[in-house]
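One letter stands for each residue in the lines below.
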Amino acid sequence: MKLNTIIKQTGLLTILLAMGSQAYAQRDTTNRPVTLDSFDIVRDYRPILADAVKIRRSPDMSNKREYMPKLNYGNVPDKKLDINTGLKELKIMETPFSKIIDHNSNYVKLGVGNLGTILGEAYFAVEDYEDIRVGGFVKHLNQKGSLDDQKFSRQEVGVFGRRIFPMFTVNGLIGYNGYGTRFYGIPVDQNNTTLNPTREAQRFNDIYFSGELTSNYDPQNDDALSYSLKADAYTYKDKFDAKENSFALAGYLNKRLRAFNIGANVALDFNSLGGVNTADGNMNNSIVNANPYIKFKGDNYNITLGANIASEFGDSSRFNIFPVAEIDFSLVPGYFYIFGGVKGGVEKGSFRSFTRLNPYLGPNMNIQNTIERMNIYGGIKGNAGATFGYKVKAFYRQVEGLAMFVNNRETPFNFDMIYDGDGDKALKHVGIEGEINVRLSALVNLGGRLNIDQYTMAQQDEAWHLPKMRLAANARFNISEKLYIDAEALFHGNAIAREYTYTDPSTPSDDWKKSTIPSFFDLSAGAEYKATKQLGIFVKANNMFNTEYQRYLYYPKLGFNILGGLNFSF
């Protein structure tokens, strides 16, 4: 063992002497004696770890940067990204208007169905620019029921436009609506002989215009003055002598001053009628309305105080001032609100609006305005996230001149206008309104509206043809990206009509009786399937229970009818 150690030490000493001699020879060529007690240090001392740590080579921790040659790419320009001090600020450049790609707002729809149903519809719009939009639409629909001369036709044509300026936006619409039907009502006498042998045709032609100028919202100035000016005009005529011409101007101003808003709504409506029950058959029925107000708005409340000033002029004149007060308070912000108020006003009696409700009015109509002397209301509303919304309102009204339809005594297939409530005694109307909207998922959306009404009449025995309960509901199911299903339901409770009895077609009685118009439930459903990106197939079924119910006495609605066809979007 000792012999091996001596041999190893002697060998190591010999190697060190040889290395030292070679290094010295390279450093100096002069002859110098070599001794064992002197060494020239030619490098730093590097200790070698002991065998115990099992590392044979120490790692080199020096950070060396390799030489990077400069590359030459010939004709390719050498543009470097300037990142000396971080990201450089971008220069915002104005983007020119560009055409919206793949925007299918135009479509054509064609369909046919039973009961002689023919549908044609088209919609066109130019939406290539962000601040300009123009377009037009056309529609035709006709149907024929199972009764004699139970015919309907409707036409719509219009053009529209919108222009957005830096400070305001201008909208305009001009169009024509046509509606044709027949007096197909089937009253009979005691011998079951029809009282309406001719079943004359009726048609309404409506040419209208609407335009509006509205200020744009300035996000940099919440206190800016907001304003609007609107003009409406129409000429409306039936097949006989009845007609109506109207021109209205309306506008509003609103200025926000810190925590409150001050403003006013103003409207001027010139209205003339022909074929009414006056001495010369003409009537001027115009109204001026002014509604100054002040609104207080906080984080959880809105309070409005004002007045509604209404002046009726023309063949008769009246002047009224009604208080306006409203409050909207959030008990749970975003989820639960309570609201209430009191208001009043004047609603214009219009041949156009009355015939849209009931197109079977007779000649020499009686046209009056309706005055809402007082309307006190209150309720709750709110949301439960983005999937559930609701509103419930109860009200009490005192009304002068509530419009109703009753059958004419000599020609019961025609209707007359009568009114209840006057300056001495007003009609009382109590009701409840409820609305709900539910979004169960991205695939299912539901909505509904409920109205319950109770009338305390002033002169009339009943609220003729006015149901005490109405329910409307709708649903939409997005089965897939290509298949959609819609459904609508309508329920009306019982209504009361005034019915005369006849011994023969030429002898009407002076006595009448109350006739109950039964309640009805109308269910409709439709589906649409997108066969391709542009082509779709649709089907719509109406009155699926095939109930020929009546909304007005002697005039049953169409039974079950189905319509199907194609639509093409581009």
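Rules behind the numbers
Residues numbered from 1 in each chain as written. Predicted model: local features only at pLDDT ≥ 70, side-chain atom pairs only at ≥ 80, totals over all residues. Heavy atoms only, no water. Helix = DSSP H or I, 4+ residues; strand = E, 2+ residues; numbered from the N terminus. Buried < 20%, exposed > 50% of the residue type's maximum accessible area, 1.4 Å probe, protein only. Contact = heavy atoms within 4.5 Å. Areas by Shrake-Rupley, 256 points an atom, 1.4 Å probe, with all protein chains shown as cover. Pairing = 2+ DSSP bridges. Core = buried A, V, L, I, M, F, W, Y, C linked by side-chain atoms within 4.5 Å. Polar contact = N/O pair within 3.5 Å; in protein donor to acceptor, adjacent residues only side chain to side chain. Phe/Tyr/Trp six-rings, centres within 6.5 Å; stacked < 30°, edge-to-face > 60°. Lys NZ or Arg CZ within 6 Å of the ring centre and 35° of its normal. Salt bridge = Lys/Arg side-chain N within 4 Å of Asp/Glu carboxyl O. pLDDT = per-residue confidence, 0-100.

1. Structural notes on the overall build of the chain
Helix and strand counts for the chain come out as 2 helices and 28 strands. In the chain, buried positions account for 32% of the 570 residues. Within the chain, counting contacts between residues at least 6 apart in sequence, those at least 24 apart form 56% of the total. Accessible surface, the chain: about 36400 Å² in total, of which carbon and sulfur atoms supply 59%.

2. Section: the pairing of strand β25 (residues 535-542)
Along a regular strand, successive side chains alternate from one face of the sheet to the other. Judged from the 6 bridges that link them, strand β24 (residues 520-530) and β25 form a sheet pairing that is antiparallel. When the bridges of β25 are listed, Glu 528 appears paired with Phe 538. Between the end of β24 and the start of β25, which pair antiparallel, lie 4 residues.

3. Concerning the nonpolar core
Of all hydrophobic cores here, the largest spans 31 residues; its most connected members are Phe 351, Tyr 360, Leu 361, Met 365, Ile 367, Phe 415 and Tyr 555. Of all elements in the fold, only β6 (201-215), β7 (226-237), α2 (351-357), β17 (415-420) and β22 (495-504) reach the threshold of two or more residues within this core. Broken down by element, this core gets its largest block of residues, 3 residues, from β17. Residues contacting Phe 351, with those up to four places away along its chain left out, are Phe 204, Tyr 236, Asp 238, Ala 242, Lys 243, Glu 244, Leu 273, Met 365 and Ile 367. Judged by nonpolar contacts, the second largest core, of 10 residues, contains Leu 402, Ile 418, Leu 427 and Trp 464.

4. Considering the side chain of Asn 254
In this fold, Asn 254 is placed in strand β8 (residues 243-257). The exposure class assigned to Asn 254 is buried, which follows from its relative accessible area of 13%. For Asn 254, the side chain forms a polar contact with the side chain of Asn 261, separated by 3.0 Å. Reaching out from Asn 254, the side chain makes a polar contact with the side chain of Tyr 293 at a distance of 2.8 Å. In this structure, Asn 254 is in contact with Ala 224, Leu 225, Ser 226, Asn 261, Ile 262, Gly 263 and Tyr 293, ignoring residues within four places of it in sequence.

5. Remarks on the environment of Val 108
Tracing the sequence through the fold places Val 108 in strand β1 (residues 107-113). Sequence spacing of Val 108 and Glu 121 is 13 residues, and the spatial spacing of their C-alpha atoms is 5.8 Å. Ignoring sequence-local partners within four residues, the contact set of Val 108 consists of Glu 121, Ala 122, Phe 124, Leu 566, Asn 567, Phe 568 and Phe 570.

6. Thoughts on the packing of aromatic side chains
Per the stated rule, a full pass over the model turns up 23 aromatic pairs. Ring centres 5.5 Å apart and planes at 65° place the aromatic pair Tyr 236 and Phe 351 in the edge-to-face group. Taken together, the residues span a long stretch of sequence, with Tyr 236 in strand β7 and Phe 351 in helix α2 at a distance of 115 residues. Like Phe 351, Tyr 236 is buried. One aromatic cluster in this structure is built from Phe 152, Phe 183, Tyr 184, Tyr 360, Phe 405, Phe 415, Tyr 552 and Tyr 555. Taking NZ or CZ as reference, Lys 109 lies 5.0 Å from the ring centre of Phe 538, over its face. Lying across the ring of Phe 339, Lys 381 places its NZ or CZ 5.6 Å from the centre.

7. Observations concerning unusual backbone geometry
Despite not being glycine, Asn 364 has its phi angle at roughly 55°, a positive value. Locating Asn 364 in the fold gives a position in the loop between α2 and β14 (370-383). Given the relative accessible area of 52%, Asn 364 is considered exposed. Of note in this structure, Asn 543 is not a glycine but carries a positive phi near 50°.

8. A closer look at the environment of Phe 339
Residue position: Phe 339 is located in strand β13 (residues 336-347). Given a relative accessible area of 12%, Phe 339 falls into the buried group. C-alpha separation for the pair Phe 339 and Gly 379, spaced 40 residues apart in sequence, amounts to 5.5 Å. Once residues within four sequence positions are removed from consideration, Phe 339 is found in contact with Ile 327, Asp 328, Tyr 377, Gly 378, Gly 379, Ile 380, Lys 381, Lys 391, Val 392 and Lys 393.

9. Re the pattern of salt bridges
Tallied over the full model, the rule gives 19 salt bridges. We note a salt bridge from Arg 356 to Asp 206, for which the minimum N-O separation is 3.0 Å. Residue Arg 356 is located in helix α2, and its partner Asp 206 is located in strand β6; the two are separated by 150 residues in the primary sequence. Classification of Asp 206 by relative accessible area gives buried; the value is 1%. In this structure, a network of salt bridges that share partners links the residues Glu 312, Arg 318, Arg 373 and Glu 400.

10. Focus: the confidence of the model for the chain
Fine structural detail should not be taken from predicted coordinates in areas where pLDDT scores are low. Mean pLDDT over the chain works out to 85, with 82% of the residues at or above the 70 mark. A low-confidence stretch, residues 16-41 (pLDDT under 50), is modelled with 6 contacts involving residues beyond four sequence positions or located in other chains.

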